Amino acid sequence: MENKYCHQSCDPAAQKMLKRAEELNIETVWDRYAAQEPQCGFGQLGLCCRVCSMGPCRVDPFGDGPQKGVCGAGADTIVARNLVRTAAAGASSHVDHGYEYIQALKKAAQGEIPYPIKDEGKLKAIAAKLGLSAEGKTKEELALAIAEIAAQDFANTGEEPMKWVTASAPAERVEAWKKLGVAPRNPDRDIRSALSQTNIGTDADPVNMLLTAVRMGLVDAYGGLHLTTDLQDIIFGTPTPVASEANLGVLKEDKVNIVVHGHVPLMSEKLVEWANKLNDKAIVAGAAGIQLAGICCSGNEILMRQGVPIATNFLSQELAIATGVVDAIVVDIQCIMPSLTTVAECFHTKVITTMPIAKIPGATHVDFNLEEADAKAQEIIELAIANYRNRDKSKVHIPQEKTSFLGGFSVEAIVGALAKVNAEDPLKPLVDNIAAGNILGAAALVGCNTVKLTQDSVHVGLAKELLKNNVLIVSTGCAAQALAKAGLMNPAATEQYAGEGLKAVLTAVGQAAGLNAPLPPVLHMGSCVDNSRIADLLSALAGYLKVNVKDLPIAASAPEFMSEKAIAIGTWAVAMGILTHLGPTPQVLGSPIVTGVLTDKVEELLGGKFIVEADPVKAAATIINHIIDKRQKLGLTVPQA
Ligand code: NFS
């Protein structure tokens with residue numbers, strides 16, 4: 001559909017809702033972005049410093065004005081300092097999330113909270129990777145022992161790396177990080193030290209600070225992502241393939257619609273349970289039942305384990321409310337626009353906050369806690385049901401767009417599907433097809449949306465180019481939601497978009513796995529914390545091939561990133577040795593040293609580096625050339641031009 005909204009979003013449902021929002025005079029993220037333009041050029045280059053109150057200071061990028069802040073810090077120091085603080089803030093979000101699970105696992109093991117330990121297989125697998133013997137232990141005893149190891153990582157006062165690092169990362173990487181002095185020791189302490197290092201008058205050396213940025217990436221990965229995925233799987237179960245639907249068309253005019261948004265599934269899993277239990281109450285209230293749908297990573301979590309459909313991704317969260325049928329939008333932490341309550345004022349929608357660190361003026365706050373999880377989840381669902389009767393029918397406007405897709409591709413699920421082809425040696429079919437060139441390589445498409453680029457356009461454009469060239473895609477976060485909405489995660493997409501070699505492989509695996517259709521060409525591996533799953537898959541592949549991760553024909557991309565968390569995760573990907581593409585330009589160009597290290601010199605040290613390119617076709621070409629180069633170095637066939 002060619003219309004004036006297609007510069008804002010390439011998602012047709014979002015375009016329709018943008019038109020609707022304009023008719024109703026509802027302000028959206030796109031309007032506020034327009035009002036901010038032109039955005040501050042100093043800030044965009046990372047040259048604005050607010051570290052102390054002698055400032056704010058700024059360095060003139062053209063060389064005419066001041067070249068130093070009041071304290072004497074120049075462009076390189078200021079940019080590096082800002083970058084470290086961004087990465088530290090990103091890491092702190094994921095570490096905070098992981099920390100919730102240490103508490104949860106401990107309490108679950110002691111029977112203090114209504115969360116059974118669901119996945120005994122994963123429990124034993126995590127125990128084994130941590131070197132714990134399961135013998136003679138009940139599952140509760142083993143869970144408690146795992147929670148204690150995690151807690152010790154947060155109490156480490158020594159210099160040795162966190163246990164979660166040595167247990168999760170390839171040994172070769174851990175050695176490389178130790179040699180550089182960046183291996184995480186204790187997430188809390190490392191983040192504290194990064195903030196201390198970047199205080200006024202402490203570190204002025206940009207390269208020394210960039211090493212700390214790398215450490216923040218690793219803190220995010222192991223104190224945040226890996227720890228979280230591992231413990232979440234133990235409590236809630238490891239995802240298995242599941243069919244679902246994506247886009248605003250999943251909302252139902254005749255049902256109580258509850259949209260779940262945020263990141264921590266402790267609350268959202270309980271909402272799924274109680275939505276099922278209270279469905280009849282919704283019917284008594286005059287609705288046809290309860291429809292749950294998700295936004296952002298809480299959405300991804302309950303999709304992966306429960307098949308709950310995706311309403312939309314980050315940038316169009318306000319537009320979900322503008323459908324007029326959302327009876328409650330229940331949020332926990334991260335990526336929640338404070339404007340939700342303003343949009344909700346135009347409708348009957350209740351915005352329900354649930355966490356002590358994430359309140360929004362104008363929202364209803366329900367103090368969700370683990371001990372009272374059932375009562376609180378019940379309270380939330382009942383608030384939504386009671387609100388159904390307040391819906392104004394004249395304001396209902398649901399776009400019909402929705403696509404069907406498959407989610408739930410944990411590493412275990414992928415290996416399980418491959419085992420149907422070769423039960424003894426499941427990775428062999430994948431590796432053989434990479435070696436033969438049927439699969440050129442693999443790319444991870446991850447991360448957010450940003451209002452600076454047309455919503456979903458770089459995700460979708462890049463994915464289509466890569467698939468055409470036989471690059472298998474794995475995806476997480478809002479990227480995965482973009483690709484699901486665009487219809488790239490179902491068997492039909494394999495027929496339509498995959499190159500011949502890739503199509504043949506996915507068809508064979510799909511048939512063997514009993515799907516009666518090809519595997520999707522883009523595999524949904526979960527939320528952003530589940531980038532840990534991607535790393536585990538790559539580590540397994542590298543281990544199988546007896547090479548290092550940095551030698552694999554692979555790349556990562558956050559084509560529309562916006563969050564501090566994405567900066568931390570991207571830095572980790574580079575530290576794993578992976579070429580990492582970013583669509584928007586990070587705020588570092590004001591420093592030639594920082595830019596030079598991140599896009600070039602870091603490769604010598606860690607094997608990976610950043611590239612920046614907003615055009616999806618050009619980005620795909622660079623990624624494909626990189627993959628071909630890695631194939632050549634491994635002595636694998638390369639396609640003829
Ligand atoms: Ni990731 Fe998931 Fe989305 Fe970006 Fe936000 S939801 S944690 S940060 S916007 S991908």
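As the structure is a computational prediction, the values presented were derived from the model and not from experiment. (Residues numbered from 1 in each chain as written. Predicted model: local features only at pLDDT ≥ 70, side-chain atom pairs only at ≥ 80, totals over all residues. Heavy atoms only, no water.)

Right, let's get into the domain arrangement of the protein chain. Under the domain assignment used here, the protein chain contains domain 1 (4-58), domain 2 (75-236), domain 3 (248-395) and domain 4 (412-633). Here the C-alpha centroids of domain 2 and domain 4 sit 24 Å apart. With 37 residues of domain 2 in contact, the opposing surface of domain 4 contributes 34 residues. For the pair domain 2 and domain 4, the summed buried area comes to about 2,800 Å², and 71% of that belongs to carbon and sulfur atoms. (Domains from an automatic or database assignment. Contact = heavy atoms within 4.5 Å. Buried area = accessible area lost by both parts, 1.4 Å probe.)

With that out of the way, let us pick up the site of the ligand. Taken together, His263, Cys296, Cys297, Phe314, Cys335, Gly447, Cys448, Cys478, Cys528, Met562, Ser563 and Lys565 form the complete shell of residues around the ligand. Taken together, the residues of the shell around the ligand sort by class into 8 nonpolar, 3 polar and 1 charged. Mapped onto the domain boundaries, the shell around the ligand takes at least three residues apiece from domain 3 (248-395) and domain 4 (412-633). (Near = heavy atom within 4 Å. Nonpolar A, V, L, I, M, F, W, Y, C, P; charged D, E, K, R; others polar.)

Take a nonpolar patch on the surface next. Side chains of Met54, Val70 and Ile200 sit close together on the surface and give an oily, nonpolar patch of about 270 Å² of accessible area. Topologically, Met54 is positioned in the loop between β1 (48-49) and β2 (57-58). (Patch = residues over 30% accessible without salt bridge, like charges linked within 9 Å, V, L, I, M, F, W, Y side chains within 5 Å. Areas by Shrake-Rupley, 256 points an atom, 1.4 Å probe, with all protein chains shown as cover. Salt bridge = Lys/Arg side-chain N within 4 Å of Asp/Glu carboxyl O. Helix = DSSP H or I, 4+ residues; strand = E, 2+ residues; numbered from the N terminus.)

The subject of this paragraph is the environment of Lys277. By the element assignment, Lys277 lies in helix α11 (residues 265-277). As a C-alpha pair, Lys277 and Ile381 span 104 residues in sequence and 9.9 Å in three-dimensional space. A polar atom in the side chain of Lys277 sits 3.0 Å from the side chain of Glu273. (Polar contact = N/O pair within 3.5 Å; in protein donor to acceptor, adjacent residues only side chain to side chain.)

Below, the discussion takes up the nonpolar core. If you look at the biggest cluster of nonpolar residues, it comprises 179 residues, and the most contacted ones within it are Tyr115, Ile146, Trp164, Trp177 and Leu466. Considering every element that reaches this core, the biggest residue donor is helix α4 (residues 75-109), with 16 residues. Setting aside residues up to four positions removed in sequence, Tyr115 forms contacts with Ala108, Ile235, Phe236, Leu266, Lys270, Phe368, Leu370 and Ala373. Counting 39 residues, the second largest nonpolar core, distinct from the first, contains Ala14, Ile26, Phe314 and Val396. (Core = buried A, V, L, I, M, F, W, Y, C linked by side-chain atoms within 4.5 Å. Buried < 20%, exposed > 50% of the residue type's maximum accessible area, 1.4 Å probe, protein only.)

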